[in-house]
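Spelled out, the chains give:
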Amino acid sequence: MLEVLVIATIAALTASWVLPTFRRQRLQGEVDQYSRLVEVGLFNLRTRLREERLSHCICFEANNWAPPSSMGLERQQPDGSQAEPLNHCSEEDSSSRLRVMNLEGSRVSKTVQARSLESKFCISPPGTSATPQTLTLLLKSIQSDSDPNLLVRCLHMNGNGYLIRGNWNQSTQTCQPKWG
């Protein structure tokens, strides 16, 4: 009887350690997957602009955590409808048909929140941008408030399309390249 009690105690202790770790890895993996989708979308946008010799401005709801569909990153809404680009951006931009995301409305897009530090970002073909504009996108799990060990990922891009991917350092307000 004592052996069964010891085995049950060991199993309970192991489960209490493994389950939160597994949950954290799953949630962080969803954020990482979505950040890679955003990164690929930004690279594809830069390539399309280079091929078509266009400049393109992207507008965001800045400085608020929100689902990607409501902050300007994705146009596809949760109900499947398509939102128009934000008004203050599409008026002056003849290339408003271009999108950041290639895959919108994915499963992982419903599990993350995004935040842009800028309300407007203009990207030009490489070598043609004279403005020192940068874009910093922050991505986190919608459940990050319940687990402080979840990292906030960041994507930082300049006007010529140079992209840095990393972890957001809240104390220094910088994107630190750290993960592969």
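It should be emphasised that the depicted structure is a prediction, and the values quoted were computed from it without experimental measurement.

Some remarks on the overall build of the protein chain
Along its length, the protein chain carries 3 helices and 7 strands. Counted from the first residue to the last, the protein chain has its helices and strands arranged as α-β-α-α-β-β-β-β-β-β. Of all 180 residues assigned to the protein chain, the portion counted as buried reaches 40%. The long-range share in the protein chain, meaning contacts at least 24 apart out of those at least 6 apart in sequence, stands at 64%. For the protein chain, the accessible surface area stands at approximately 10000 Å², while carbon and sulfur atoms represent 56% of it.

Comments concerning the side chain of Ser144
Within the fold, Ser144 resides in the loop between strand E4 (134-141) and strand E5 (153-158). With relative accessibility at 14%, the residue Ser144 sits in the buried group. A distance of 3.1 Å separates the side chain of Ser144 from the backbone oxygen of Ser141, its partner in a polar contact.

Rules behind the numbers
- Residues numbered from 1 in each chain as written.
- Predicted model: local features only at pLDDT ≥ 70, side-chain atom pairs only at ≥ 80, totals over all residues.
- Heavy atoms only, no water.
- Helix = DSSP H or I, 4+ residues; strand = E, 2+ residues; numbered from the N terminus.
- Buried < 20%, exposed > 50% of the residue type's maximum accessible area, 1.4 Å probe, protein only.
- Contact = heavy atoms within 4.5 Å.
- Areas by Shrake-Rupley, 256 points an atom, 1.4 Å probe, with all protein chains shown as cover.
- Polar contact = N/O pair within 3.5 Å; in protein donor to acceptor, adjacent residues only side chain to side chain.

Purely geometric stuff here, so don't read any function into it on its own.
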